Amino acid sequence: MSKQKRPPPQESVIAGHGGLIPYSEITDNDVLSGRGKRSYESIGSINFRDEVAKLLPNYLTSKDEDKRHLAAELVAKIRSLDPPGRFLKTTSDGMYKEIGDKPAWEKAMMALRRIGPAVRKELVGTEQSSLLNDGSRKRGQADIAGPVEVQPSRQLSIADIAERCLEVMAQKKSESSASDEDAGAATATATTATGAADADADAGQGKRPQVSWGQRYKELLEFNQKNGHTEVPQIYPPNLSLGRWVQKQRCEYKKLMDGKKSFLNDKKLGLLQSIEFIWKKGELSWESHYDELVHYKDRNGNCHVPTNYRRNTALGRWVRRQRDKYKEMLAGDAGAAVYMNDSRIKKLKSIGFCLAPLANK
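Here the structure is a predicted model, which is why all the values come from computation and not from measurement.

Asks: How would you summarise the overall build of the protein chain if you had to cite specific residues and measurements?
Replies: For the protein chain, the helix and strand inventory stands at 13 helices and three strands. In the protein chain, which comprises 361 residues, the share counted as buried stands at 41%. For the protein chain, restricting intrachain contacts to residue pairs at least 6 apart in sequence, the fraction spanning at least 24 positions comes to 63%.

Structure below.
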């Protein structure tokens, strides 16, 4: 009696669902399709590739008929996030729209197929090569058989090798556009490096437990020492994993500010803030804005920076944000309390900054 064939996955989201979406409404959970730096470097797309790497071991050891279901499960996982992740593409007028489940499944399948041969090439001549079944083996390739049971004696897991292949692929894609920042000079204190080791005790389980939070933090310290800042590009060829790790910290910080569950505890926040970590890409650090405020006071005799200050609109917005966060902190907001800590409050008050909202400013 032949085994009944598994029915195909059922589509639940169709193309165009939700109408047209402006770029300003795209969230960190949305996966962007299409060519270009904006799509490839979006946080949602980076996280999607991370999920693909984690799924690869199951994909490579599954039967062909089950692989589409794995892709559908991956898409469903993205859609179940909070807020729900969407699979979007650009329209001719610069807006975005949902591509639907079937194209999203194909996108996931393409990503898995693209990595599969790279993993096989990485494993040629090793015992892991006998574990692969990515649906593309040819006759005469006796070193590739499957699906088979994964052997626990391997030195590297397939997920480890998949991650390495992802990094190589990302590096090749970024060679023509990614450039390193000009080197600067900075000094990192020994206490922060020691604190990073302490933070590992509170790290819990991460996506890749083989590389600790403290180890990535030490790599960030080295970057800071070399470049004089902590704004690691999302695609940073010398250390692609560090670029993704930095983006992850920003995502977790945003969750914390929104009152959601985050793995960033007080110790990790303190370590990052001690080296002026940039929480939002492209923004100046808190200390840099504070220095600008001091210069403003020196010129004008007060700290009453208008919100629409034409000479420095970013400073005007930053000043307003300090008052908004202080108000939220007094109302009991935990995220605002992390941002508006005692040290910052004291520094602002020391130059006569009024934390209460100013009328007509």
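Next comes the rest of the description.
Asks: Explain helix 2 (residues 43–60) residue by residue, including any values.
Replies: Each α-helix turn comprises 3.6 residues. Residues three or four places apart therefore point the same way. Helix length check: helix 2 (18 residues) gives 26 Å between terminal C-alpha atoms against 26 Å at 1.5 Å per residue, within 8%. At K54, helix 2 shows its maximal bend, which comes to roughly 35 degrees, and the proline P57 appears one to four places after that position.

Asks: So, the nonpolar core: which residues are in play, and what are the values?
Replies: Ranked by internal contacts, the top residues of the largest apolar core, which has 39 residues, are L220, L272, L293, W318 and L348. Of all the secondary-structure elements, those providing two or more residues to this core are helix 7 (213–227), helix 8 (240–257), helix 9 (266–274), helix 10 (286–300), helix 11 (313–330), helix 12 (334–339) and helix 13 (342–350). When residues of this core are assigned to their parent elements, the largest contribution, six residues, is made by helix 8. Excluding its chain neighbours within four sequence positions, the residues that come into contact with L220 are T230, V232, L242, W245, V246, L272, I275 and F277. Core analysis: the second largest hydrophobic core is formed by 21 residues, L56, Y59, M109 and L112 among them.

Asks: With reference to specific residues and values, describe the pattern of salt bridges.
Replies: Scanning the model with the defined rule gives 12 salt bridges in all. Residue K77 pairs with E51 through a salt bridge whose shortest N-O separation is 2.8 Å. A residue pair is termed long-range when its members are at least 10 positions apart, and K77 in helix 3 (residues 64–79) and E51 in helix 2 qualify at 26 residues. Judged by relative accessible area, K77 falls into the partly exposed class, the value being 41%. On the basis of relative accessibility, which here comes to 11%, the residue E51 falls in the buried class.

Asks: I'd like to hear about the packing of helix 10 against helix 11, residue by residue, with values.
Replies: Running from N to C, helix 10 and helix 11 point in directions that differ by 105 degrees, and their axes come no closer than 10 Å. Taken together, helix 10 and helix 11 sit at an angle that is classed as roughly perpendicular. Contacts from W286, H289, Y290, E292, L293 and Y296 in helix 10 reach A314, L315, W318, V319 and Q322 in helix 11. Grouping the amino acids of the contact of helix 10 with helix 11 by side-chain chemistry returns eight nonpolar, two polar and one charged.

Asks: Tell me what's going on with the sheet that holds strand 3 (residues 96–98), and back it up with residues and numbers.
Replies: Reading across from one edge, 1-2-3 is the order of the three strands in this open sheet, with mixed pairing throughout. Edge strands, defined here as strands with exactly one partner in the open sheet, are strand 1 (31–32) and strand 3.

Asks: Would you mind going over the packing of aromatic side chains in detail, with residue names and values included?
Replies: Throughout the structure, instances matching the rule amount to seven aromatic pairs. Between F48 and F87, the aromatic rings sit 5.8 Å apart at their centres with planes inclined by 85 degrees, giving edge-to-face as the arrangement. In this pair, F48 sits in helix 2 while F87 sits in strand 2 (residues 87–90), placing the two residues 39 residues apart along the sequence. For F87, a relative accessible area of 0% gives the class buried. An aromatic cluster is present here, built from W213, Y217 and W245 joined pairwise through their rings.

Asks: Tell me about unusual backbone geometry, residues and numbers included.
Replies: In this structure, P83 follows D82 across a cis peptide bond, with omega equal to 0 degrees. Counting through the fold element by element, P83 comes out in the loop between helix 3 and strand 2.

Asks: Describe the environment of G18, listing the residues and the values that go with them.
Replies: By secondary structure assignment, the location of G18 is in the segment before strand 1. As a C-alpha pair, G18 and R86 span 68 residues in sequence and 9.8 Å in three-dimensional space.

Asks: Break down the pairing of strand 2 for me, citing the residues and quoting the values.
Replies: With two bridges joining them, strand 1 and strand 2 adopt parallel strand pairing. Looking across to strand 2, one finds that L32 is bridged to L88. Bridge count between strand 2 and strand 3: three bridges; the pairing is antiparallel. Each bridged residue has a counterpart across the sheet, and for T90 the counterpart in strand 3 is Y96. Adjacent in sequence and paired antiparallel, strand 2 and strand 3 are bridged by five residues, among which G94 carries a positive phi angle near 85 degrees.

Asks: Please give an account of the packing of helix 11 against helix 13 that cites residues and values.
Replies: Pairs of packed helices are described in terms of their axes, by the angle between the two and the distance that separates them. In the contact formed by helix 11 and helix 13, the axes pass within 12 Å of each other and the chain directions differ by 125 degrees. Classified by the angle their axes make, helix 11 and helix 13 are oblique. For the pair helix 11 and helix 13, the crossing hand works out as left-handed. From helix 11, W318, Q322, Y326 and M329 reach across to helix 13, where they touch I345, L348 and K349.

Asks: Which residues make up the side chain of K325, and what values do they have?
Replies: Residue placement: K325 occurs in helix 11. You can call K325 buried: its relative accessible area is 11%. With near-sequence residues (within four places) excluded, K325 lies in contact with M257, A336, Y339 and M340.

Asks: Requested: an account of the environment of P233, with residues and values cited.
Replies: As for its placement among the helices and strands, P233 is situated in the loop between helix 7 and helix 8. On a C-alpha basis, the gap between P233 and R244 in space is 8.6 Å, while along the polypeptide they are 11 residues apart.

The rules behind the values
Residues numbered from 1 in each chain as written. Predicted model: local features only at pLDDT ≥ 70, side-chain atom pairs only at ≥ 80, totals over all residues. Heavy atoms only, no water. Helix = DSSP H or I, 4+ residues; strand = E, 2+ residues; numbered from the N terminus. Buried < 20%, exposed > 50% of the residue type's maximum accessible area, 1.4 Å probe, protein only. Contact = heavy atoms within 4.5 Å. Expected span 1.5 Å × (residues − 1). Bend = angle between axes of the 7 residues up to and from the residue. Core = buried A, V, L, I, M, F, W, Y, C linked by side-chain atoms within 4.5 Å. Salt bridge = Lys/Arg side-chain N within 4 Å of Asp/Glu carboxyl O. Axes fitted to C-alpha atoms, helices over the stretch in contact; angles between N-to-C directions. Parallel < 35°, antiparallel > 145°, perpendicular 65-115°, else oblique. Nonpolar A, V, L, I, M, F, W, Y, C, P; charged D, E, K, R; others polar. Pairing = 2+ DSSP bridges. Phe/Tyr/Trp six-rings, centres within 6.5 Å; stacked < 30°, edge-to-face > 60°. Left-handed = near helix turned anticlockwise from the far one by under 90°.

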